[in-house]
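# Per-entry structural report
The residues making up each chain are set out below.
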Amino acid sequence: MRLRALLGTDALGLRLLGGEDELDRTVRGVMTTDLRDPRRYLSGGELVLTGLAWRRRPEESEPFVRLLVAAGVAALAAGEAELGDVPDDLITACARHRLPLFAVSEDVAFATITEYVVRQVSGERADDLAAVVDRHRRLMTAGPAGGGPDVVLDLLGSDLDLRAWVLSPTGRRIAGAGEPLSPARAAALAGEHLASVRAGRRSPYRTTVEGTAYSLFPVRAQGFEPVPAGGATPAGARDARGVRDVRGVRDVRGVRDVRETVLSDWLLVVEADAGDWPAARLDLLQGVTQLIAVERDRRDAARAVRRRLAQEVLELVQTGAAPAEIAARLRVAAPVLLPGMGIAPQWQVVVARVEWGQDGLDGRDGRDGANGPDGPESPYGPDPEGTKTALKAALAGGPVAQALLEEILIDPAAGGTGAGAAEAGAAGIGADSADRIAVARTEDEAIALVPLPAASPRTSQMPRTSEPADGQGHGPGPGRAADPADCHATRQAPGQAPGQASSQAPDLGGGPGLHADALLAAVRGPLTAGLADDGRLTLGVSAAVHSAEGLRGALEEARHARRVAAARPGRVCAAGHHELASHVLLLPFVPDDVRRAFTARLLDPLRGYDRRHRAELIPTLEAFLDCDGSWTRCAARLHLHVNTLRYRVGRIEQLTGRDLSRLEDKLDFFLALRMS
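Every chain's residues receive numbers from 1 upward, in the order its sequence appears when written. Given that this is a predicted model, residues contribute local features only at a pLDDT of at least 70 and side-chain atom pairs are listed and counted only at 80 or more, while totals for whole chains, interfaces and linings are drawn from all residues. Only heavy atoms go into the side-chain values, all of them from the structure, while hydrogens and water stay out.

### Considering the environment of Glu106
Segments assigned H or I by DSSP are reported as helices when at least four residues long, segments assigned E as strands when at least two residues long, and all are numbered from the N terminus. Inspection of the secondary structure assignment puts Glu106 in the loop between β5 (101–104) and α4 (110–126). The exposure class of Glu106 is exposed, given its relative accessible area of 57%. For the pair Glu106 and Glu82, spaced 24 residues apart in sequence, the C-alpha to C-alpha distance is 8.4 Å. Those residues in contact with Glu106, other than ones at most four positions away along the chain, are Glu80 and Ala81. Buried, partly exposed and exposed residues are distinguished by accessible area as a fraction of the type maximum, computed with a 1.4 Å probe on protein chains only: under 20%, between the cut-offs, and over 50%, respectively. Should any heavy atoms of two residues lie within 4.5 Å, those residues are counted as being in contact.

The structure is reproduced here in structure tokens:
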């Protein structure tokens, strides 16, 4: 019960003297005392009743109140029968320590208040199970047919004072009650959820973000129970409430490898620490996740039509069907894929692949056959009923990539801020983009057909520019430190701090469209946590095409771009069509031994000289190439006299035997710097 309820009962004769802002405190019990130090009898949350017999002098009020606050009591109620009005020194002390203070009329016995509080607290505890059953019934009534997840979360707030949200695995808000989570906080919670699932922790997952405690409940598909990548659940394991699992090892037909769904399952976020919750409340929240899973299944069923249409178009494109036949199929699909667009769009193709290593199935250390032919020996037997073998055979990347690509493409249109929202604006994708995403798949990859609004005359007349690399419209220069071959490199706006996300839409080469880097910028953190140490996401984006004739070329372009991304380091990598017409396409495929030999022959003499003399020859070479060999601009950039610059360049030529006035030698140095 709350302190506020005491004031609403006239029979108790209580009058509030201070602490009006603290009346939402919970009362867990009641105690009557006139001891100067009653802490040994307090456990926290009590309403303390006192006749003030302990008070002989005004200065004794302060230490008494301080001791009560240290014990965590809910409030103090002082009787007026002994001293008349409650002393001012006690009122002051309670106000100083923010302890609510009541005055008890001399006409009311402490026994009356004690009986009332005990009855209310005991009644609430006795009604818990009945309340759970009733809430379950109400929640079922208010399920998808009665308003969806938002109604369910509103009931959690009104009945249990719990703020809750439903998030996607990338942190996109699906439903919520009250103030929305900030994008950064939502992404952090999604990442914590994915990391906990991959680590095999039992839910709910408890975490703290920016000083606030949260409990995370997975929302899983109906009829399936995922198991950690290591195999089946051991017999006799205990759940989060200490209840022993007597089912033994589950049949593989009723489980999924957690990696099949970890990147697509929703999560329920509750702003509370569920560590001390009773079993009844945990059961209630698990019931809520089941109701939300019904809504998830409903949305997946609605998405199935778009998937089928995308699959039909993909099959026509891959088999070399005539453009007229592909165009006819697109016209048939237009009411589903292009609701409300009204004009023939441009199209982009996005290809994604999720690949899993064998670490999760063959042992955490990643060594095949470690500790036995099936990996580490488990305490419940080697591969019972062939569970790991069956799970390994069933784990394909195509379905995982399909669900993940649908989520990534919807995410920017969720109304967020930052790179994702900017990307949505650049692509011309509106709030209903979820209804225009068509993703097909093969066994190993997912392919999305993304419709874009047709370019306006003003847009189509804009000059096409190369990918901005220095915030001034210039292409990447020879000395760029942020190498596009690094999948984590980001492009900066003028005056932008390193690593800061731009709030402006990226330049997409003269028209609307999706940009590979910006597409993943907002979701890289959570996805990296879900991929853990054995998964990898690579993504390629084509240029926009204006007709069905260009779809086959766009598909091949997106696949080539994805292969460029796959050649880079990192768990989450993307590449765009603009990178297929530059040296960036070639560098990742240079063999490592050739790369090392080439860079060592050109750069090692300079590095050694820099170590010995601190001459900064490597930075000078980068700047010189970046300034296209201009002595004046390079000297200004390095804050050097031109003669000093000429001396350094002469030293570089002397150490390497090259001539920086020759294009061939400039090109060799440029490539060596990019590969190093």
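So, next bit.
### A few points about helix α2 (residues 61–71)
Residues Ser61, Phe64, Val65, Leu68 and Ala71 constitute the buried set of α2. The buried residues of α2 occupy an angular sector of 120° when the element is viewed end-on, so they sit on one face. Tucked inside the fold, the buried residues of α2 contact β3 (46–50), β4 (75–79) and α3 (88–96). Trailing α2 by a residue or two, Gly72 shows a phi angle of about 80°, which is positive. Directions from the helix axis toward the C-beta atoms define the arc.

### Regarding the sheet that holds strand β12 (residues 266–270)
The strand order β7-β6-β12-β9-β8 describes an open sheet built from five strands, whose pairing is antiparallel. The open sheet terminates on both sides in strands that have one partner only, identified here as β7 (173–176) and β8 (205–209). This sheet shows a mean twist of 25° between the axes of neighbouring strands, independent of strand direction. In this analysis, axes come from line fits to C-alpha atoms, helices being fitted only over the stretch in contact, and the angle between any two N-to-C directions falls in the range 0 to 180 degrees. In the packing of helix α6 (residues 149–160) onto the sheet, the strands contacted are β6 (164–167), β7 and β12, and the crossing angle to β7 comes to about 45°. On the sheet, helix α8 (residues 279–318) packs against β6, β7, β9 (212–219) and β12 and is oriented at approximately 145° with respect to β12. Note on pairing: DSSP must find at least two bridges between two strands before they are called paired.

### Some thoughts on the sheet that holds β5
What the five strands build is an open sheet, ordered β1-β5-β4-β3-β2; its pairing is mixed. On the outer flanks of this sheet lie β1 (14–18) and β2 (29–32), each paired with one strand and no other. The average angle at which neighbouring strand axes cross in this sheet is 25°, direction not considered. Pairing between β2 and β3: four bridges, direction parallel. Following the sheet pairing, Gly29 is matched in β3 by Glu46.

### Observations concerning the packing of aromatic side chains
A pair of aromatic rings is counted whenever rings of Phe, Tyr or Trp (Trp by its six-membered ring) have centres within 6.5 Å, and the orientation is called stacked for planes under 30 degrees apart, edge-to-face for over 60 and tilted otherwise. Following the criterion strictly, the structure yields three aromatic pairs and no others. Between Trp54 and Phe64, the ring centres sit 3.9 Å apart and the planes meet at 15°, which makes this aromatic pair stacked. Here the residue Trp54 occupies a position in the loop between β3 and α2, and Phe64 occupies one in helix α2, the gap between them amounting to 10 residues. Residue Trp54 is classed as buried on the basis of its relative accessible area, which comes to 3%. Given a relative accessible area of 1%, Phe64 falls into the buried group. Plain terms: the ring middles of Phe624 and Trp631 are 5.0 Å apart, the flat faces sit at 55° to each other, and that makes the pair tilted. Given a relative accessible area of 26%, Trp631 falls into the partly exposed group. Each ring is checked for a lysine NZ or an arginine CZ that lies within 6 Å of its centre and within 35 degrees of its normal; such an atom marks a charge sitting over the ring. Note that Arg281 overlies the ring of Trp277, its terminal NZ or CZ placed 5.5 Å from the centroid.

### Let's talk about the pattern of salt bridges
We define a salt bridge as a side-chain nitrogen of Lys or Arg found within 4 Å of a carboxyl oxygen belonging to Asp or Glu. Scanning the model with the defined rule gives 35 salt bridges in all. Here Arg15 ties to Glu80 by a salt bridge, and the two come within 2.7 Å at their closest N and O atoms. Taken as a pair, Arg15 in strand β1 and Glu80 in the loop between β4 and α3 lie far apart in primary sequence, 65 residues in all. Here Arg15 falls in the partly exposed class, since its relative accessible area comes to 42%. Note on Glu80: relative accessible area 14%, which makes it buried.

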